[in-house]
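# Summary of the model geometry
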Amino acid sequence: MNNRVIIFDTTLRDGEQSPGASMNLEEKLEIAKTLEALGVDVIEAGFPIASVDDFNAVQAIAKQSTRARICGLARSLKGDIDKAAAAVKPAGDRGRVHVFLATSPIHRTFKLDKAKDEIIKQAAEAVAYAKTLCADIEFSCEDASRTEPEFLAEVVQAAISAGAGTVNIPDTVGYAYPSDYADLITFLRAKVPNIDQAVISVHCHNDLGLAVANSLAAVRAGARQVECTINGIGERAGNCSLEEVVMAMRVRKDQFAGITTGIESTRLFSASRLVQSVTGLPLQRNKAVVGDNAFAHESGIHQHGVLKNPECYEIMTPQSVGVPDTNFVLGKHSGRAALAKRFEQLGLGVADADIDRLFVAFKALADRKKEIYDGDLIALVEEIVRGRTAVAWTLDYLHTSAGTGAVATATVRLKRGDETVTDAATGDGPVDAVVQAINRICGVQGTVEDFRLRSVSKGGDAQGEVSIRARVLGRQLGGKGLSTDIVHASAIAYLDAVNRAG
Ligand code: KIV
Ligand code: ZN
């Protein structure tokens, strides 16, 4: 058996079906380019019959593509198949039409009102028709995991006889259980006489959080195409996550001996970030492989272990998935070793003799603050080792004016000790104007690199917490601000970062 697992990415089709994940043409083209660079074998670019925009996007992706197969989805209807075949045409012999029809009793009865023999006939005719327009045809038995296995085998056999080169066995509603799903694949391999003429594909949804586990179980049972999405986005609870399924097969070589994919894993992190920013779907911090915390260690015991040997607590290197480095989060659970390491990384020249005093002050600060930023550590060294206490700027007055078509302006008054300074600036929106005004008063060069707003209470007068990452005087620093007014919260957060720059 061929041990190369085909990675079929459906971020732009099933992923776009995530509530709130619509993407425009430019964004889809950018994601498609990234997917090709990542090494996916098939890009399902959309559902061409769904809208003119969908058709145009699939066609444009097919035109732009240079290596991956480009696939368009179609119901088992001539009109759908015509559109899908026309949309993927610019990809030449890399075009694929993906035809689907539901096979389970519940879909047959309530959605299609069709008997079993009618389903087989429609599936076979649709595949045969698609084959006259495109050489590469995939057929999906929608809701396969809830279909009677004997009947499923008949549909699969008919689809292959009609010309399908890939037969997909979707767990459409995320109901499957890994061992049962693997048994279903094994059953089809044993029962369908012409199964060797097609690649078995799996497409798992995550309603019970089992999409990756089910896909992996199916690969072990002989499936050789996995359908998945970046960050696991997709209908309802999402689809099998590409980064997780690929890394599981790579890290657990003992379970997947000889299995390979074409994925360049060092591009996983950047692909994940791109999809996150384009769709606006936030990624949970503890998301496996690509989440903010995937390579972050806070507890002292863990940090100490990782410093001695990363394999104590890391089963893959951050670099192997494109994450720049292990992140030692400094907080109340951190130990002396991690603190000393961070001082060293910051080039602060702290002597061993000073670490004990700094560690005591650090623990006291960590009890008061959730996250300790580099600026906090610098201030600690200044204060405890060098005996200097930086006097911080505080916001005394703020006025902004902005509107559609109007230049945003901000007037800011800051205080530091006895000093009071007022200045004004314009900007690209009110927050940017505030940042420019603060930069002028404090005499720093600074920009905001990341901006997050979170509501910390309910109602129209909710308090908003702004968290920013700013680059001030060449250093990346964090800042937080809380207010019922977003611009006011932003000003406090940015000033917090500027004060940390010292
Ligand atoms: O979940 C599903 O069954 C699908 C099919 C169209 C493959 O997305
Ligand atoms: Zn799906």
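Residues numbered from 1 in each chain as written. Chains lettered and ligands numbered in written order. Predicted model: local features only at pLDDT ≥ 70, side-chain atom pairs only at ≥ 80, totals over all residues. Heavy atoms only, no water.

## Observations regarding the overall build of the chain
The helix and strand tally for the chain stands at 16 helices and 16 strands. Considering only C-alpha atoms, the chain reaches an extent of 85 × 55 × 40 Å along its principal axes. Per-residue burial for the chain yields a buried fraction of 50% across its 502 residues. When the accessible surface of the chain is split by element, carbon and sulfur atoms take 51% of a total near 22700 Å². The chain carries 56 positive and 63 negative side-chain charges, and their two centres are separated by 2 Å. (Helix = DSSP H or I, 4+ residues; strand = E, 2+ residues; numbered from the N terminus. Buried < 20%, exposed > 50% of the residue type's maximum accessible area, 1.4 Å probe, protein only. Areas by Shrake-Rupley, 256 points an atom, 1.4 Å probe, with all protein chains shown as cover. Lys, Arg positive; Asp, Glu negative; His and termini not counted. Charge placed at Lys NZ, Arg CZ, Asp CG, Glu CD.)

## Details of the nonpolar core
By size, the foremost hydrophobic cluster in this structure holds 98 residues, and its most contacted members are Ile 7, Val 97, Phe 139 and Leu 242. Per element, the largest residue contribution to this core is 9 residues, and it comes from helix H6 (residues 149-162). No fewer than three residues from each of domain 1 (6-279) and domain 2 (296-385) sit in this core. Ignoring anything within four residues of it in the chain, the contact list for Leu 242 reads Ile 7, Asp 9, Leu 38, Val 40, Cys 228, Thr 229, Ile 230, Ile 263 and Leu 268. Counting 27 residues, the second-largest nonpolar core is a separate cluster that includes Trp 393, Ala 437, Leu 477 and Ala 493. (Core = buried A, V, L, I, M, F, W, Y, C linked by side-chain atoms within 4.5 Å. Domains from an automatic or database assignment. Contact = heavy atoms within 4.5 Å.)

## Considerations on the coordination of the zinc ion (ligand 2)
Looking at the zinc ion (ligand 2), the protein donor atoms are Asp 14 (OD), His 203 (NE2) and His 205 (NE2), and they sit 2.0 to 2.1 Å from it. Read in sequence order, the donor residues coordinating the zinc ion (ligand 2) give the pattern D-x188-H-x1-H. Placement of Asp 14 in the loop between strand S1 (6-9) and helix H1 (25-38) and of His 203 in strand S7 (residues 199-204) is noted, with a sequence separation of 189 residues between them. Residue Asp 14 shares its accessibility class with His 203, and that shared class is buried. (Donors = N, O, S within 2.8 Å, 3.2 Å for Na, K, Ca; no water.)

## Some points on the pairing of strand S6 (residues 166-171)
The buried fraction of S6 amounts to 6 of the 6 residues, a majority that puts the element mostly inside the structure. By the alternation rule, side chains of S6 split into Thr 166, Asn 168 and Pro 170 and Val 167, Ile 169 and Asp 171, which are all buried. As paired strands, strand S5 (residues 136-142) and S6 are joined by 3 bridges and run parallel to one another. Residue Ser 140 lies in a different strand from S6, and its bridge partner there is Asn 168. Note that the unit made of S5, H6 and S6 has a crossover that is right-handed. Judged from the 6 bridges that link them, S6 and S7 form a sheet pairing that is parallel. (Pairing = 2+ DSSP bridges. Right-handed = clockwise from strand over helix to strand, strands pointing away.)

## Observations concerning the site of ligand 1
Around ligand 1, the neighbouring residues are Arg 13, Asp 14, His 98, Phe 100, Ser 140, Glu 142, Asn 168, Pro 170, Thr 172, His 203 and His 205. In the model, an oxygen atom of ligand 1 is placed 3.0 Å from a nitrogen or oxygen of the Arg 13 side chain. The side chain of His 203 places a nitrogen or oxygen atom 3.1 Å from an oxygen atom of ligand 1. Taken together, the residues that form the shell around ligand 1 break down as 2 nonpolar, 6 polar and 3 charged. (Near = heavy atom within 4 Å. Polar contact = N/O pair within 3.5 Å; in protein donor to acceptor, adjacent residues only side chain to side chain. Nonpolar A, V, L, I, M, F, W, Y, C, P; charged D, E, K, R; others polar.)

## Here we look at the domain arrangement of the chain
Considered domain by domain, the chain is made up of domain 1 (6-279), domain 2 (296-385) and domain 3 (394-500). Computed from C-alpha atoms alone, the centre-to-centre distance between domain 2 and domain 3 is 28 Å. Contact with domain 2, which involves 6 residues of that partner, is made by 6 residues of domain 3. Surface buried jointly by domain 2 and domain 3 totals about 540 Å² across both partners, of which 47% is contributed by carbon and sulfur atoms. The largest share of the area that domain 2 buries against domain 3 comes from Tyr 373, Gly 375 and Ile 378, three residues that together contribute 73% of it. Counting every contact that joins domain 2 to domain 3 gives 0 salt bridges. Partitioning the side of domain 2 that touches domain 3 into residue classes produces 2 nonpolar, 1 polar and 3 charged. (Buried area = accessible area lost by both parts, 1.4 Å probe. Salt bridge = Lys/Arg side-chain N within 4 Å of Asp/Glu carboxyl O.)

## Things to note about the environment of Ala 126
Relative to the elements of secondary structure, Ala 126 occurs in helix H5 (residues 116-133). A residue is classified by how much of its surface remains accessible, and Ala 126, at 5% relative accessible area, is buried. Each C-alpha atom, one on Ala 126 and one on Lys 415, is 74 Å from the other, the two residues being 289 residues apart in sequence. In this view, Ala 126 contacts Ser 76, Ile 81 and Val 99; residues no more than four positions away in its chain are not counted.

## A few points about helix H8 (residues 211-220)
Counting buried positions along H8 yields 8 of 10 residues, so the element is predominantly enclosed. Ala 211, Val 212, Asn 214, Ser 215, Leu 216, Ala 217, Ala 218 and Val 219 are the residues of H8 that are buried. The inward-facing, buried residues of H8 abut S6, helix H7 (178-191), S7, strand S8 (225-228) and helix H9 (242-251). Looking one or two places after H8, you find Gly 222, whose phi comes out positive at around 120 degrees.

## Observations concerning a positive patch on the surface
A cluster of like positive charges, contributed by Arg 285, Lys 370, Arg 469 and Lys 480, occupies part of the molecular surface. Among the structural elements, Lys 370 can be located in the loop between helix H13 (352-368) and helix H14 (374-385). For Lys 370, a relative accessible area of 80% corresponds to the exposed category. (Patch = residues over 30% accessible without salt bridge, like charges linked within 9 Å, V, L, I, M, F, W, Y side chains within 5 Å.)

## Here's the deal with the packing of aromatic side chains
Each aromatic ring pair is specified by the distance between its two centres and by the angle formed by the two planes. The final tally for this structure, using the stated rule, is 2 aromatic pairs. One residue, Lys 78, lies across the ring of Tyr 129, its end atom 4.8 Å from the ring centre. Of note, Lys 83 hangs over the ring of Phe 55, and the distance from its end group to the ring centre comes to 5.4 Å. (Phe/Tyr/Trp six-rings, centres within 6.5 Å; stacked < 30°, edge-to-face > 60°. Lys NZ or Arg CZ within 6 Å of the ring centre and 35° of its normal.)

## So, a nonpolar patch on the surface
Among the surface-exposed residues, Val 448, Phe 451, Leu 453 and Ile 486 lie close enough to one another that they form a single nonpolar patch of about 310 Å² accessible area. The biggest single contributor to the nonpolar patch is strand S14 (residues 446-455), with 3 residues.

## Let's talk about the sheet that holds S14
Reading across from one edge, S14-S15-S16 is the order of the 3 strands in this open sheet, with antiparallel pairing throughout. Looking along the sheet, the strands with just one partner apiece sit at the ends: S14 and strand S16 (475-483). The sheet shows a mean angle of 20 degrees between the axes of neighbouring strands, taken without regard to direction. Alignment of strand S15 (residues 464-472) against S16, held across 9 bridges, turns out to be antiparallel. Looking at S16, one finds that Arg 471 is bridged to Gln 476. (Axes fitted to C-alpha atoms, helices over the stretch in contact; angles between N-to-C directions.)

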